Amino acid sequence: MSDTKEKVKSRKSRSLSLETIDAITKTASATAIAEYEKIKAQTRQEQKDKRLRNTKLLMKNYRKFAEYNSHAIYETAQICQACDNDALFSLAGISPGDKFHVESIRNGVATTRIIVEHIDTMLDVYKSRCEKSPKAEKQRRWRVLQATYLSSEDLSPAEISEQEHISLSQFYDDINNACEDLTPLLFGLDLTELFE
């Protein structure tokens, strides 16, 4: 009999009181909420970083987009102007007077043209802001961005740094800051940042 009493007593000491369960629940809930907020903040930062990288990617490819925009051929009329090759038409089964276009290329040209026009307009806005700024670093950011991504000369970061009399570290800071400044101009307003 004393064995049974000890087992019951042992079970009671192992069971948790309601107050202990409530304390554990509150602690677990607070920890879960804190972890959720941390993950949410990381996700927001990653999205912001992606936008920044997209701006850089867009700027890195700007010259290619502009070149494609000015040289893409998608209609027979353009081919006739570009070259005098009747064999090309006969191979494709097209006579030089036919109205014919490659839809997928034409759509690509239209999309690229819109993108390039938008980028050009926003770059003009950014350039104007930078040139009117009383801050020398804002004016320099435009020059660094222009020399890096827009100029017909293909200068290295070291050459641009030397030209601007800045360190290589400052060059990269200027590029990062310019791209961060350009992001809302290129991609519009991010409403999630307004309500943080």
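For the structure, check the block above.
Turning our attention to the nonpolar core. Grouped together as the largest cluster of nonpolar side chains are 22 residues, with contacts concentrated most on Leu 123, Tyr 126, Leu 145 and Leu 182. Within the residue set of this core, elements represented by two or more residues are helix 2 (18-60), helix 6 (103-132), helix 7 (136-150) and helix 9 (168-187). Examining the composition of this core, we find that seven residues originate from one element, helix 9, more than from any other. The residues contacting Leu 182, other than those within four sequence positions of it, are Thr 55, Met 59, Met 122, Leu 123, Tyr 126 and Leu 145.

Here Ser 151 lies in the loop between helix 7 and helix 8 (157-164). Apart from residues lying up to four places away in sequence, Ser 151 is in contact with Arg 63 and Gln 146.

Turning our eyes to something else, we now look at a nonpolar patch on the surface. Taken together, Leu 16, Leu 18, Ile 21 and Ile 24 make up a surface patch of nonpolar side chains, about 420 Å² in accessible area. Looking at where Leu 16 falls in the secondary structure, it is placed in the loop between helix 1 (2-14) and helix 2.

On to helix 7, then. The end-to-end C-alpha separation of helix 7 is 20 Å, in line with the 21 Å expected for 15 residues at 1.5 Å each. Within helix 7, burial applies to Arg 140, Arg 141, Trp 142, Val 144, Leu 145, Ala 147, Thr 148 and Tyr 149.

For the structure on display, the rule yields two aromatic pairs. Arranged with centres 5.0 Å apart and planes meeting at 80 degrees, the rings of Phe 171 and Tyr 172 form a pair that is edge-to-face. Judged by relative accessible area, Phe 171 falls into the buried class, the value being 2%. With a relative accessible area of 42%, Tyr 172 lands in the partly exposed category.

Here is what the cut-offs are and how they apply
What you see as residue numbers is a count from 1 along each chain, following the sequence as written. The model is predicted, so local features are restricted to residues of pLDDT at least 70 and side-chain atom pairs to those at 80 or more, both for listing and for counting; the totals for chains, interfaces and linings are taken over all residues. Processing note: side-chain calculations cover all non-hydrogen atoms of the structure and skip hydrogens and water entirely. Buried residues of nine kinds, namely Ala, Val, Leu, Ile, Met, Phe, Trp, Tyr and Cys, make up a nonpolar core once their side-chain atoms join them within 4.5 Å. Three labels apply to residues, based on accessible area from a 1.4 Å probe with only protein chains included: buried if under 20% of the type maximum, exposed if over 50%, partly exposed otherwise in between. The helix count covers DSSP runs of H or I at least four residues long, the strand count covers runs of E at least two residues long, and both are numbered beginning at the N terminus. By definition, residues are in contact when any of their heavy atoms lie within 4.5 Å. Patch construction takes residues with relative accessible area above 30% that form no salt bridge. Like charges are linked within 9 Å, and nonpolar side chains (Val, Leu, Ile, Met, Phe, Trp, Tyr) are linked within 5 Å. Using the Shrake-Rupley algorithm and a 1.4 Å probe, accessible areas are obtained, with residue cover drawn only from the displayed protein chains. Salt bridge, as applied in this entry: a Lys or Arg side-chain nitrogen positioned within 4 Å of an Asp or Glu carboxyl oxygen. A helix is expected to span 1.5 Å for every residue after the first. The pairing test for Phe, Tyr and Trp rings, Trp by its six-membered ring, is centres within 6.5 Å, and the orientation test on the planes gives stacked under 30 degrees, edge-to-face over 60, and tilted for anything in between.

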